[in-house]
Amino acid sequence: MATCVDVVVANILANPLMVLAPVLAQATRKGGRIALSGILKEQAADVANVYRQWFEMHTGREQEGWVLLTGTKK
């Protein structure tokens, strides 16, 4: 059985984040948190939509066109 963690943090571009979504979701325990950054503002909705099947997603912060997305595993 794979180890699940309380918190996953990833600071990479949107496309790799979307490809890695199933892996990162599997690594996060139920009720665990995820923080995703390295996402351009225009790509944030697409990334959040991919992760919504596993996480309750929120936009954390935006700075200079970059967005932080956070979520809690369902």
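An account of the accompanying structure is given in this report. Bear in mind the structure is a predicted one, so any value in this text is a computation, not a measurement.

Notes on the nonpolar core
Okay, step 1: Leu36, Tyr51 and Leu69 are the most contacted members of the largest nonpolar core, which totals 18 residues.
Okay, step 2: Elements with a contribution of two residues or more to this core: strand S1 (5-11), helix H1 (14-27), strand S2 (28-40), helix H2 (44-51), strand S3 (55-63) and strand S4 (66-73).
Okay, step 3: A per-element tally of this core places H1 first, with five residues.
Okay, step 4: Beyond its immediate sequence surroundings of up to four residues, tyrosine 51 is in contact with Leu17, Leu20, Ala21, Leu24, Ile34, Leu36 and Met57.

Focus on the sheet that holds S1
Okay, step 1: Spatial ordering of the open sheet is given by S1-S2-S4-S3, a layout of four strands whose pairing is mixed. The outermost strands of the open sheet, each flanked by one partner alone, are S1 and S3. Put simply, the sheet's adjacent strands are angled 15° from each other on average, direction ignored.
Okay, step 2: Inspection of the sheet shows S1 paired to S2 by six bridges, in the parallel sense. Note that in S2 the partner of asparagine 11 across the bridge is serine 37.

A short note on the pairing of S2
Okay, step 1: Chirality of the crossover, the property in question, places the unit of S1, H1 and S2 among those that are right-handed.
Okay, step 2: Pairing of S2 with S4 involves six bridges; the strand directions are antiparallel. Following the sheet pairing, alanine 35 is matched in S4 by threonine 70.

Here we look at the environment of isoleucine 39
Okay, step 1: Note that isoleucine 39 resides in strand S2.
Okay, step 2: Residue classification places isoleucine 39 among the buried residues on the basis of a relative accessible area of 0%.
Okay, step 3: Distance from isoleucine 39 to threonine 28, taken between C-alpha atoms, is 20 Å for residues 11 residues apart in sequence.
Okay, step 4: Discounting residues that sit within four places of it in the chain, isoleucine 39 has contacts with Leu17, Ala44, Val47, Gly65, Trp66, Val67 and Leu69.

Some details on unusual backbone geometry
Okay, step 1: In the Ramachandran plot, glutamate 64 falls in the positive-phi region, its phi being about 50° despite a non-glycine side chain.
Okay, step 2: By the element assignment, glutamate 64 lies in the loop between S3 and S4.
Okay, step 3: For glutamate 64, a relative accessible area of 73% translates into the label exposed.

Examining the side chain of threonine 70
Okay, step 1: Position of threonine 70 among the secondary structure elements: in strand S4.
Okay, step 2: Its relative accessible area of 16% is what places threonine 70 among the buried residues.
Okay, step 3: Here threonine 70 is in contact with Arg33, Ile34, Ala35, Glu56, Met57 and His58, once residues within four sequence places are set aside.

Here is what the cut-offs are and how they apply
Residues numbered from 1 in each chain as written. Predicted model: local features only at pLDDT ≥ 70, side-chain atom pairs only at ≥ 80, totals over all residues. Heavy atoms only, no water. Core = buried A, V, L, I, M, F, W, Y, C linked by side-chain atoms within 4.5 Å. Buried < 20%, exposed > 50% of the residue type's maximum accessible area, 1.4 Å probe, protein only. Helix = DSSP H or I, 4+ residues; strand = E, 2+ residues; numbered from the N terminus. Contact = heavy atoms within 4.5 Å. Pairing = 2+ DSSP bridges. Axes fitted to C-alpha atoms, helices over the stretch in contact; angles between N-to-C directions. Right-handed = clockwise from strand over helix to strand, strands pointing away.

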